[in-house]
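Structural overview
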Amino acid sequence: MNSKKHLGHTARKRFGQNFLHDQQVIQGIVAAIYPQSDQYLVEIGPGLGALTEPVAEQVDQLTVIELDRDLAERLRHHPFLHQKLTVIEQDAMQVDFRQLCEQAGQKVRVFGNLPYNISTPLMFHLFNYYDSIQDMHFMLQKEVVKRLCAGPNSKAYGRLTIMAQYFCQVMPVLEVPPSAFKPAPKVDSAVVRLIPHVTLPHPVKDLYWLNRVCSQAFNQRRKTLRNALATLFSSEQLTALGVDQNARAENLSIADYAHLANWLTDNPP
Ligand code: SAM
(Lines give C-alpha, C1' and ligand atoms only; values in the text may rest on other atoms or scores of the structure.)
Protein backbone atom coordinates (compact mmCIF):
# COMPACT_ATOMS: atom_id res chain seq x y z
CA MET A 1 0.00 0.00 0.00
CA ASN A 2 1.38 3.45 -0.94
CA SER A 3 -0.03 5.25 2.11
CA LYS A 4 0.29 9.03 2.35
CA LYS A 5 0.50 8.81 6.12
CA HIS A 6 3.88 8.30 7.78
CA LEU A 7 4.66 8.67 11.50
CA GLY A 8 1.30 10.37 12.00
CA HIS A 9 1.85 13.00 9.28
CA THR A 10 -0.06 13.07 6.00
CA ALA A 11 2.40 13.77 3.16
CA ARG A 12 1.71 17.01 1.29
CA LYS A 13 2.22 16.76 -2.42
CA ARG A 14 2.69 20.50 -2.91
CA PHE A 15 5.76 20.36 -0.65
CA GLY A 16 7.18 17.37 -2.53
CA GLN A 17 6.94 15.18 0.56
CA ASN A 18 8.26 11.64 0.10
CA PHE A 19 9.71 10.48 3.39
CA LEU A 20 12.69 8.15 3.56
CA HIS A 21 12.14 5.07 5.68
CA ASP A 22 14.70 2.52 4.40
CA GLN A 23 17.35 2.34 7.15
CA GLN A 24 20.03 0.97 4.83
CA VAL A 25 19.59 3.89 2.43
CA ILE A 26 19.54 6.37 5.32
CA GLN A 27 22.79 4.92 6.70
CA GLY A 28 24.35 5.00 3.22
CA ILE A 29 23.56 8.70 2.87
CA VAL A 30 24.83 9.60 6.35
CA ALA A 31 28.03 7.64 5.69
CA ALA A 32 28.49 9.56 2.41
CA ILE A 33 28.00 12.88 4.22
CA TYR A 34 30.42 11.78 6.98
CA PRO A 35 29.46 14.53 9.45
CA GLN A 36 32.10 15.67 11.95
CA SER A 37 31.09 17.12 15.32
CA ASP A 38 32.51 20.65 14.82
CA GLN A 39 31.28 21.17 11.26
CA TYR A 40 28.38 23.39 10.30
CA LEU A 41 25.70 21.32 8.61
CA VAL A 42 22.45 22.62 7.18
CA GLU A 43 19.66 20.32 6.08
CA ILE A 44 17.08 21.42 3.52
CA GLY A 45 13.65 19.82 4.04
CA PRO A 46 14.19 17.71 7.19
CA GLY A 47 10.58 16.52 7.12
CA LEU A 48 10.03 13.91 9.81
CA GLY A 49 13.74 13.71 10.59
CA ALA A 50 14.85 10.56 8.71
CA LEU A 51 18.27 12.10 7.97
CA THR A 52 18.14 14.78 10.67
CA GLU A 53 18.27 12.33 13.58
CA PRO A 54 21.30 10.25 12.53
CA VAL A 55 23.23 13.34 11.40
CA ALA A 56 22.38 15.30 14.56
CA GLU A 57 23.74 12.41 16.64
CA GLN A 58 27.16 13.10 15.16
CA VAL A 59 27.35 16.90 15.35
CA ASP A 60 27.17 19.56 18.08
CA GLN A 61 24.66 21.76 16.24
CA LEU A 62 22.44 21.29 13.21
CA THR A 63 20.42 23.89 11.29
CA VAL A 64 17.38 22.73 9.36
CA ILE A 65 15.28 24.66 6.83
CA GLU A 66 11.67 23.47 6.60
CA LEU A 67 8.82 25.22 4.81
CA ASP A 68 5.96 23.09 6.17
CA ARG A 69 4.81 24.80 9.35
CA ASP A 70 3.58 21.56 11.00
CA LEU A 71 6.87 19.77 10.38
CA ALA A 72 8.92 22.76 11.57
CA GLU A 73 6.84 22.82 14.75
CA ARG A 74 7.34 19.08 15.24
CA LEU A 75 11.11 19.51 14.96
CA ARG A 76 11.14 22.38 17.45
CA HIS A 77 9.62 19.97 19.96
CA HIS A 78 11.65 16.94 18.98
CA PRO A 79 11.99 14.78 22.10
CA PHE A 80 15.78 14.51 22.10
CA LEU A 81 17.08 16.81 19.37
CA HIS A 82 15.45 20.16 20.05
CA GLN A 83 18.49 21.50 21.95
CA LYS A 84 20.81 20.77 19.03
CA LEU A 85 18.50 21.99 16.30
CA THR A 86 18.06 25.47 14.90
CA VAL A 87 14.86 25.39 12.86
CA ILE A 88 14.51 27.95 10.07
CA GLU A 89 10.88 27.90 8.99
CA GLN A 90 11.32 29.33 5.51
CA ASP A 91 11.45 28.55 1.82
CA ALA A 92 15.05 27.37 1.19
CA MET A 93 14.96 29.41 -2.05
CA GLN A 94 14.86 32.57 0.11
CA VAL A 95 17.68 31.61 2.46
CA ASP A 96 20.95 33.54 2.26
CA PHE A 97 23.61 30.84 2.68
CA ARG A 98 26.40 33.43 2.77
CA GLN A 99 24.84 34.91 5.88
CA LEU A 100 24.63 31.44 7.47
CA CYS A 101 28.30 30.88 6.68
CA GLU A 102 29.30 34.25 8.14
CA GLN A 103 27.26 33.65 11.31
CA ALA A 104 28.88 30.23 11.79
CA GLY A 105 32.38 31.45 10.94
CA GLN A 106 32.90 28.49 8.64
CA LYS A 107 31.68 27.13 5.32
CA VAL A 108 28.36 25.32 5.28
CA ARG A 109 27.83 21.65 4.50
CA VAL A 110 24.38 21.40 2.91
CA PHE A 111 22.38 18.19 2.54
CA GLY A 112 18.83 17.05 1.99
CA ASN A 113 16.34 14.80 0.35
CA LEU A 114 15.07 17.64 -1.77
CA PRO A 115 11.49 18.30 -2.80
CA TYR A 116 11.74 17.20 -6.44
CA ASN A 117 9.37 19.90 -7.70
CA ILE A 118 11.89 22.64 -6.85
CA SER A 119 15.21 20.80 -6.91
CA THR A 120 16.62 22.44 -10.07
CA PRO A 121 15.83 26.09 -9.15
CA LEU A 122 17.04 25.33 -5.63
CA MET A 123 20.40 24.14 -6.93
CA PHE A 124 20.70 27.25 -9.11
CA HIS A 125 20.00 29.29 -5.95
CA LEU A 126 22.75 27.41 -4.08
CA PHE A 127 25.29 27.89 -6.87
CA ASN A 128 25.10 31.63 -6.09
CA TYR A 129 26.67 30.79 -2.73
CA TYR A 130 29.31 28.33 -3.98
CA ASP A 131 32.09 30.12 -2.10
CA SER A 132 30.22 29.81 1.22
CA ILE A 133 29.55 26.10 0.81
CA GLN A 134 31.98 23.28 1.57
CA ASP A 135 29.91 20.55 -0.04
CA MET A 136 26.37 19.40 -0.81
CA HIS A 137 24.73 15.98 -0.73
CA PHE A 138 21.31 15.74 -2.28
CA MET A 139 18.74 13.09 -3.03
CA LEU A 140 17.27 13.93 -6.42
CA GLN A 141 15.47 12.27 -9.28
CA LYS A 142 17.90 9.86 -10.91
CA GLU A 143 17.43 11.68 -14.23
CA VAL A 144 18.55 14.94 -12.64
CA VAL A 145 21.66 13.28 -11.18
CA LYS A 146 22.45 11.94 -14.65
CA ARG A 147 22.17 15.46 -16.04
CA LEU A 148 24.37 16.90 -13.29
CA CYS A 149 27.12 14.33 -13.89
CA ALA A 150 26.93 14.17 -17.71
CA GLY A 151 29.82 14.77 -20.08
CA PRO A 152 29.67 16.47 -23.51
CA ASN A 153 28.25 14.59 -26.52
CA SER A 154 25.48 12.96 -24.52
CA LYS A 155 21.73 13.49 -24.29
CA ALA A 156 21.85 14.25 -20.57
CA TYR A 157 24.36 17.10 -21.08
CA GLY A 158 22.61 20.47 -20.84
CA ARG A 159 22.42 23.85 -19.13
CA LEU A 160 22.08 22.23 -15.70
CA THR A 161 25.25 20.17 -16.34
CA ILE A 162 27.21 23.23 -17.40
CA MET A 163 26.12 25.41 -14.50
CA ALA A 164 26.67 22.62 -11.94
CA GLN A 165 30.12 21.71 -13.26
CA TYR A 166 31.06 25.37 -13.73
CA PHE A 167 30.70 25.78 -9.95
CA CYS A 168 31.30 22.28 -8.58
CA GLN A 169 32.94 18.93 -8.92
CA VAL A 170 29.98 16.56 -9.21
CA MET A 171 29.82 12.82 -8.49
CA PRO A 172 27.03 10.26 -8.14
CA VAL A 173 26.92 8.53 -4.75
CA LEU A 174 24.12 5.96 -4.74
CA GLU A 175 20.90 4.98 -6.46
CA VAL A 176 17.68 4.67 -4.50
CA PRO A 177 14.51 2.82 -5.53
CA PRO A 178 10.99 4.25 -5.00
CA SER A 179 10.35 1.64 -2.27
CA ALA A 180 12.76 3.51 0.07
CA PHE A 181 10.18 6.31 0.49
CA LYS A 182 6.69 6.75 1.87
CA PRO A 183 4.72 7.50 -0.19
CA ALA A 184 6.82 5.95 -2.99
CA PRO A 185 7.57 8.46 -5.79
CA LYS A 186 6.88 7.45 -9.39
CA VAL A 187 10.53 7.91 -10.38
CA ASP A 188 13.88 6.42 -9.39
CA SER A 189 16.11 8.55 -7.20
CA ALA A 190 19.84 8.97 -6.64
CA VAL A 191 22.17 10.79 -4.28
CA VAL A 192 24.75 13.18 -5.64
CA ARG A 193 27.73 14.96 -4.07
CA LEU A 194 28.67 18.46 -5.26
CA ILE A 195 31.92 20.03 -4.07
CA PRO A 196 32.22 23.72 -5.02
CA HIS A 197 35.52 24.58 -6.71
CA VAL A 198 37.80 26.71 -4.55
CA THR A 199 39.06 28.32 -7.76
CA LEU A 200 36.69 28.23 -10.71
CA PRO A 201 38.43 26.39 -13.57
CA HIS A 202 36.73 28.43 -16.32
CA PRO A 203 35.75 31.77 -14.77
CA VAL A 204 33.50 34.07 -16.76
CA LYS A 205 33.36 37.85 -16.53
CA ASP A 206 29.57 37.94 -16.36
CA LEU A 207 27.41 34.93 -15.49
CA TYR A 208 24.49 36.50 -17.31
CA TRP A 209 26.17 35.71 -20.64
CA LEU A 210 27.03 32.15 -19.67
CA ASN A 211 23.39 31.53 -18.76
CA ARG A 212 22.18 33.26 -21.88
CA VAL A 213 24.42 31.43 -24.34
CA CYS A 214 23.70 28.04 -22.71
CA SER A 215 19.94 28.63 -22.62
CA GLN A 216 19.88 29.67 -26.23
CA ALA A 217 22.06 26.76 -27.39
CA PHE A 218 20.24 24.04 -25.42
CA ASN A 219 16.71 25.36 -25.97
CA GLN A 220 17.30 24.50 -29.62
CA ARG A 221 19.63 21.58 -29.10
CA ARG A 222 18.70 19.84 -32.37
CA LYS A 223 19.82 22.86 -34.39
CA THR A 224 23.40 23.52 -35.35
CA LEU A 225 25.01 26.23 -33.21
CA ARG A 226 25.25 28.47 -36.26
CA ASN A 227 21.42 28.55 -36.33
CA ALA A 228 20.73 28.29 -32.60
CA LEU A 229 23.10 31.17 -31.77
CA ALA A 230 22.38 33.29 -34.86
CA THR A 231 21.09 36.25 -32.79
CA LEU A 232 24.31 36.33 -30.75
CA PHE A 233 27.09 35.53 -33.25
CA SER A 234 27.61 35.71 -36.99
CA SER A 235 28.92 32.47 -38.49
CA GLU A 236 32.30 34.21 -39.08
CA GLN A 237 32.50 35.14 -35.41
CA LEU A 238 31.74 31.57 -34.37
CA THR A 239 34.48 30.25 -36.64
CA ALA A 240 36.93 32.85 -35.29
CA LEU A 241 36.05 31.67 -31.77
CA GLY A 242 36.93 28.10 -32.76
CA VAL A 243 33.40 26.70 -32.93
CA ASP A 244 32.65 24.18 -35.65
CA GLN A 245 29.71 25.56 -37.70
CA ASN A 246 27.99 22.21 -37.69
CA ALA A 247 28.43 21.50 -34.00
CA ARG A 248 25.37 21.24 -31.75
CA ALA A 249 24.93 22.45 -28.18
CA GLU A 250 26.02 19.14 -26.63
CA ASN A 251 29.34 19.14 -28.50
CA LEU A 252 30.85 22.13 -26.67
CA SER A 253 32.76 21.85 -23.40
CA ILE A 254 32.29 24.12 -20.39
CA ALA A 255 35.53 25.87 -21.38
CA ASP A 256 34.00 26.53 -24.84
CA TYR A 257 30.84 28.03 -23.32
CA ALA A 258 32.92 30.18 -20.95
CA HIS A 259 34.93 31.41 -23.95
CA LEU A 260 31.73 32.36 -25.84
CA ALA A 261 30.28 34.04 -22.73
CA ASN A 262 33.43 36.14 -22.20
CA TRP A 263 33.42 37.23 -25.83
CA LEU A 264 29.76 38.28 -25.53
CA THR A 265 30.54 40.27 -22.39
CA ASP A 266 33.03 42.33 -24.39
CA ASN A 267 30.94 42.34 -27.60
CA PRO A 268 27.27 42.34 -26.63
CA PRO A 269 24.96 41.86 -29.64
N1 SAM B 1 14.22 14.75 4.70
C2 SAM B 1 12.94 14.06 4.82
C3 SAM B 1 13.12 12.61 4.46
O4 SAM B 1 14.13 12.30 3.81
O5 SAM B 1 12.28 11.82 4.81
C6 SAM B 1 11.86 14.72 3.95
C7 SAM B 1 12.18 14.83 2.47
S8 SAM B 1 10.81 15.38 1.48
C9 SAM B 1 11.28 14.73 -0.08
C10 SAM B 1 11.14 17.11 1.20
C11 SAM B 1 11.01 18.01 2.42
O12 SAM B 1 11.27 19.37 2.01
C13 SAM B 1 9.65 18.04 3.08
O14 SAM B 1 9.80 17.98 4.46
C15 SAM B 1 9.04 19.38 2.64
O16 SAM B 1 8.08 19.89 3.53
C17 SAM B 1 10.28 20.24 2.56
N18 SAM B 1 10.16 21.38 1.64
C19 SAM B 1 9.42 21.47 0.50
N20 SAM B 1 9.63 22.64 -0.12
C21 SAM B 1 10.54 23.31 0.64
C22 SAM B 1 11.18 24.58 0.53
N23 SAM B 1 10.90 25.39 -0.51
N24 SAM B 1 12.05 24.96 1.47
C25 SAM B 1 12.34 24.13 2.52
N26 SAM B 1 11.76 22.91 2.69
C27 SAM B 1 10.89 22.51 1.76
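Just so you know, these numbers come straight off a predicted model, no measurement behind them. (Residues numbered from 1 in each chain as written. Predicted model: local features only at pLDDT ≥ 70, side-chain atom pairs only at ≥ 80, totals over all residues. Heavy atoms only, no water.)

A few points about the site of the ligand
Counted only if it meets this: Only heavy atoms are used to decide nearness, and a residue is near a molecule or strand if one of them lies within 4 Å of it. Pairs of N or O atoms are called polar contacts if they sit within 3.5 Å, as long as, within protein, a hydrogen donor faces a hydrogen acceptor (for residues adjacent in sequence, only side-chain-to-side-chain pairs). To measure how exposed things are, a 1.4 Å probe is used in the Shrake-Rupley method; for residues, cover is taken only from the protein chains shown. Gly is placed with the polar residues, together with every amino acid not listed as nonpolar (Ala, Val, Leu, Ile, Met, Phe, Trp, Tyr, Cys and Pro) or charged (Asp, Glu, Lys and Arg).
Taken together, 23 residues lie around the ligand, and L20, G45, E66, D91 and N113 are the ones closest in. Between an oxygen atom of the ligand and a side-chain N or O atom of E66, the distance comes to 2.6 Å. Relative to its unbound accessible surface of 590 Å², the ligand loses 98% to contact with the protein. Tallied by class, residues from the shell around the ligand come to twelve nonpolar, seven polar and four charged.

What about the UniProt feature "domain: Ribosomal RNA adenine methylase transferase N-terminal" (unreviewed entry) in the protein?
Heads up, the condition is: UniProt positions are given in the numbering used here, feature names are shortened, and annotations may be inferred rather than shown by experiment. Only runs of H or I of at least four residues qualify as helices and only runs of E of at least two qualify as strands under DSSP, and these elements are numbered from the N terminus.
On the UniProt side, "domain: Ribosomal RNA adenine methylase transferase N-terminal" (unreviewed entry) is annotated at positions that read residues 25-198 here. Spanning residues 25-198, this segment combines 32% helix with 27% strand, and its end C-alpha atoms are found 30 Å apart.

Points about the side chain of N262
This is how it is decided: Any two residues whose heavy atoms approach within 4.5 Å are treated as being in contact.
Along the chain, N262 turns up in helix 11 (residues 254-266). Those residues in contact with N262, other than ones at most four positions away along the chain, are P203, V204 and K205.

Some words on the packing of aromatic side chains
Basically, it comes down to this: In summary, the pairing rule links any two rings of Phe, Tyr or Trp, Trp by its six-membered ring, whose centres are within 6.5 Å, and it sorts them by plane angle into stacked for under 30 degrees, edge-to-face for over 60 and tilted for everything else. Burial classes follow relative accessibility: with a 1.4 Å probe on protein chains only, a residue under 20% of its type's maximum area counts as buried, one over 50% as exposed, and anything between as partly exposed. Think of it as a cone above the ring: NZ of Lys or CZ of Arg counts as a charge over the ring if it is within 6 Å of the ring centre and within 35 degrees of the ring normal.
One pass over the structure, following the stated rule, counts nine aromatic pairs. The interplanar angle of 70° and the centroid separation of 6.0 Å between the aromatic rings of Y157 and F218 together place this pair among those described as edge-to-face. Taken as a pair, Y157 in the loop between helix 6 (142-149) and helix 7 (159-167) and F218 in helix 8 (residues 207-219) lie far apart in primary sequence, 61 residues in all. When the centroid spacing of 4.8 Å and the interplanar angle of 90° are considered together, the rings of Y166 and F167 count as edge-to-face. A single burial state applies to Y166 and to F167, both of which are buried. A cation over an aromatic ring shows up here: R14 above the ring of F15, its NZ or CZ 4.6 Å from the ring centre.

Considerations on the UniProt feature "binding site: S-adenosyl-L-methionine" (unreviewed entry) in the protein
Mapped onto the present numbering, the UniProt feature "binding site: S-adenosyl-L-methionine" (unreviewed entry) falls at N18, L20, G45, E66, D91 and N113. Position of L20 among the secondary structure elements: in strand 3 (residues 19-20). Exposure remark for L20: the relative accessible area of 5% places this residue in the buried category. When sequence neighbours within four positions are dropped, the list of residues in contact with L20 reads H6, V25, I26, I29, A50, L51, N113, M139, A180 and F181. Relative to the assigned elements, G45 resides in the loop between strand 4 (40-44) and helix 2 (52-56). For G45, a relative accessible area of 22% corresponds to the partly exposed category. Each residue touching G45, except ones within four places of it in the same chain, is listed here: I65, E66 and N113.

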